[in-house]
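So the chains spell out like this:
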Amino acid sequence: MSATNLRTLAGHDTVIASESIEAFEATVRGPVLRPESPGYDEVREIWNAMIDRRPGLITRCAGAADVMHAVRFAREHGLLVSVRGAGHNIAGNAISDGGLLIDLSEMKSVRVDTATKSVRVEPGVTLGELDHETQAFGLAVPVGINSTTGVAGLTLGGGFGWISRRYGMTIDNLLSADVVTAEGELRHVSANENSDLFWGIRGGGGNFGVVTSFEFQAHEVGPMVTAGLIFHPLEAAGSVLKAWREFAAEAPDELTVWVVLREAPPLPDLPVHVHGTGVIAIAALYAGDPADGEKVLAPIRAFGDPIADLIGPAPFAGFQSAFDPLLTPGARNYWKSHDFIEISDELIGHVLDYADRLPSGECEIFIAQVGGAMGRVPAEATAYTHREANFVMNVHTRWRDATQDQECIDWAREFFDKTAPHATGGVYVNFMTQDEGGRIGEAYGANYDRLVKLKKRYDPDNMFRLNQNIAPDG
């Protein structure tokens, strides 16, 4: 077997003798793939089709021991390292050109403890797979809104979704974790053990190590909830946004209401003549007694003259995956994001302007209502700091043809710049693209200096740099 070229942390290529790679292979249970290996191209594919990179070596980890050996092998040879969970992150940092990919996607164990209502989750698990296990017992962990998203990346960046206003962010429900550090050591972290590292992984991304197991607190949710969508024509979006703004201000923690502006997808419950036309959709979930949900949602359902009102009893797991068809792998994606305290009339004007000229049929502007329990956690309690935000906007630009790259990216950037005066300046790290390294300080705010010190302690050589990187030298 021939030697292999791999990229180093220093940025140049090095040749690793076949004997060294074979010795490494003997230490792990999972397969080690080279570029010529069967399955290599499938493993290196990730959600965002704009990212097309070729790792020099892939180790498909079967457990924590494999991760430890992979980190030690990378450290011994000074290799560039990337870490993949489900490969859903917009920035595409799971994959590098020429480096060692530590692939966790086959680590799929989920174990629910009904006595403590806790759940132990490995890093290859997706949100849908987690929901499948917890909903069997009428339980749920607050996670995101797309079932193919990975639990690991979502959690490390913070994590929020339909039940976060009631039960907090994903990181607020993290009880403990197992982390392989840059030294190749496995550490258990919690509020009482390695608490500084526990603080850092709750929002600090993959900067401090590779998490091989998460333990979450789960809550009684479902299996049925009150949820669904209300569609209005785009022409009514101004009045709908103002009504939604007032309605959201009075919403109890059990209720989360988001808005999405886009072209209408070909849903069977929408009239055919509406498909492909501009719409504003109100997406709502009430995580409480269904009878109460009907009453709470009545005012927004009574507003205006909707195209369709699809709110009613729904399986929680089903609503968690309701947007999956709009977020399938294989498209080109570029995001820009802002946090807001309030939705002003002027901000609404900008939203309407850019929603009226979406550069492709798959682009959308969504504004998530947050706050509630999320906002009652002190900003310094976790690495994620932006607890003051009441709304998070994601400008989700999505298209298929590479010749549209510049047009779509320019639209997103222009919209982002127009709305910046109304934003807090903060940003959710999981929504940051690969060209936004300059916003790291904004992502972490007053917590940034503490994170730099933590990075210097646990990863002084910046082995874990393929992320929204917190450099050890600040």
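The text that follows walks through the structure, step by step, so that each part is easy to find. (Residues numbered from 1 in each chain as written. Predicted model: local features only at pLDDT ≥ 70, side-chain atom pairs only at ≥ 80, totals over all residues. Heavy atoms only, no water.)

What follows concerns the overall build of the protein chain. For the protein chain, the helix and strand inventory stands at 14 helices and 21 strands. Taken over C-alpha atoms, the radius of gyration comes to 22 Å for the protein chain, in line with the 23 Å a tight globule of 474 residues would show. Summarising its shape, the C-alpha atoms of the protein chain cover approximately 70 × 55 × 40 Å along the three principal directions. In the protein chain, which comprises 474 residues, the share counted as buried stands at 59%. When contacts within the protein chain are restricted to residue pairs at least 6 apart in sequence, those whose partners lie at least 24 apart make up 73%. Computing the positive centroid from 39 side-chain charges and the negative centroid from 63, the protein chain places the two 4 Å apart. (Helix = DSSP H or I, 4+ residues; strand = E, 2+ residues; numbered from the N terminus. Rg over C-alpha atoms; globule rule 2.2 N^0.38 Å. Buried < 20%, exposed > 50% of the residue type's maximum accessible area, 1.4 Å probe, protein only. Contact = heavy atoms within 4.5 Å. Lys, Arg positive; Asp, Glu negative; His and termini not counted. Charge placed at Lys NZ, Arg CZ, Asp CG, Glu CD.)

Side chains of nonpolar character tend, in soluble globular proteins, to be buried together. Counting residues in hydrophobic clusters, the biggest one holds 80 residues, and the most contacted among them are Leu-130, Phe-160, Ile-201 and Leu-285. Per-element tally for this core: the top contributor is helix H14 (residues 448–458), with five residues. The contacts of Leu-130, once residues within four sequence positions are left out, are Val-110, Val-119, Val-121, Val-125, Val-141, Val-143 and Val-151. Core analysis: the next-biggest nonpolar cluster, separate from the first, contains 42 residues, Leu-234, Trp-244, Ala-284 and Phe-391 among them. (Core = buried A, V, L, I, M, F, W, Y, C linked by side-chain atoms within 4.5 Å.)

Read across the open sheet, the four strands follow the order S3-S4-S6-S5; overall the sheet is mixed. Two strands in the sheet have a free side with no partner beyond their single neighbour: strand S3 (32–33) and strand S5 (81–84). With four bridges joining them, S5 and strand S6 (residues 100–103) adopt parallel strand pairing. Counterpart to Ser-82 in the pairing with S6 is Leu-101. Here helix H3 (residues 64–77) sits on the sheet in contact with strand S4 (57–60), S5 and S6, set at roughly 170° to S6. (Pairing = 2+ DSSP bridges. Axes fitted to C-alpha atoms, helices over the stretch in contact; angles between N-to-C directions.)

Here the focus is the sheet that holds strand S7 (residues 110–113). On the basis of which strands lie adjacent, the open sheet formed by five strands has the order S7-S8-S12-S10-S11 and antiparallel pairing. Strand pairing shows two members of the sheet lacking a second neighbour, S7 and strand S11 (186–190), which therefore form its edges. This sheet shows a mean twist of 15° between the axes of neighbouring strands, independent of strand direction. Pairing of strand S10 (residues 174–180) with S11, which is carried by five bridges, proceeds in the antiparallel orientation. For Ser-176, the partnering residue across the bridge sits in S11 and is Ser-190.

For the pair helix H1 (residues 18–25) and H3, interaxial distance at closest approach is 10 Å and the crossing angle is 160°. Relative to H3, H1 is oriented roughly antiparallel. For the crossing formed where H1 meets H3, the hand is right-handed. Contacts between H1 and H3 involve Ser-20, Ile-21 and Phe-24 from the former and His-69, Ala-70, Phe-73 and His-77 from the latter. (Parallel < 35°, antiparallel > 145°, perpendicular 65-115°, else oblique. Left-handed = near helix turned anticlockwise from the far one by under 90°.)

Our focus in this paragraph is helix H12 (residues 405–419). Taking 1.5 Å of rise per residue, the 15 residues of H12 would be expected to cover 21 Å, and the 22 Å separating its terminal C-alpha atoms lies within 8% of that figure. On its buried side, H12 packs onto strand S19 (332–340), helix H11 (345–355), strand S20 (364–369) and strand S21 (391–399). (Expected span 1.5 Å × (residues − 1).)

Following the criterion strictly, the structure yields 30 salt bridges and no others. Put simply, Glu-185 and Arg-187 hold a salt bridge, and the shortest N to O gap is 3.7 Å. Linking Arg-439 and Glu-442 is a salt bridge whose minimum nitrogen-to-oxygen distance equals 3.1 Å. Salt bridges sharing common partners tie together Asp-41, Arg-44, Asp-52 and Arg-54. (Salt bridge = Lys/Arg side-chain N within 4 Å of Asp/Glu carboxyl O.)

All right, on to the pairing of strand S12 (residues 210–217) then. Within S12, six of the eight residues are buried, leaving the element largely enclosed by the surrounding structure. In this sheet, S12 lies alongside strand S8 (residues 118–121) in antiparallel orientation, the contact comprising four bridges. Its bridge partner lying in S12, Val-119 is registered against Phe-216. By the bridge criterion, six bridges tie S10 to S12 in an arrangement that is antiparallel. Bridge assignment links Ala-177 to a residue of S12, and that residue is Phe-214.

Relative to the helices and strands, Arg-111 resides in strand S7. Relative accessible area serves as the criterion here: at 53%, Arg-111 is assigned to the exposed category. Residues within four places of Arg-111 in sequence aside, it is in contact with Ser-118, Val-119 and Arg-120.

Here we come to a negative patch on the surface. There is a patch of like negative charges on the surface, built from Glu-407, Asp-410, Glu-414 and Asp-417. Within the secondary structure, Asp-410 is located in helix H12. (Patch = residues over 30% accessible without salt bridge, like charges linked within 9 Å, V, L, I, M, F, W, Y side chains within 5 Å. Areas by Shrake-Rupley, 256 points an atom, 1.4 Å probe, with all protein chains shown as cover.)

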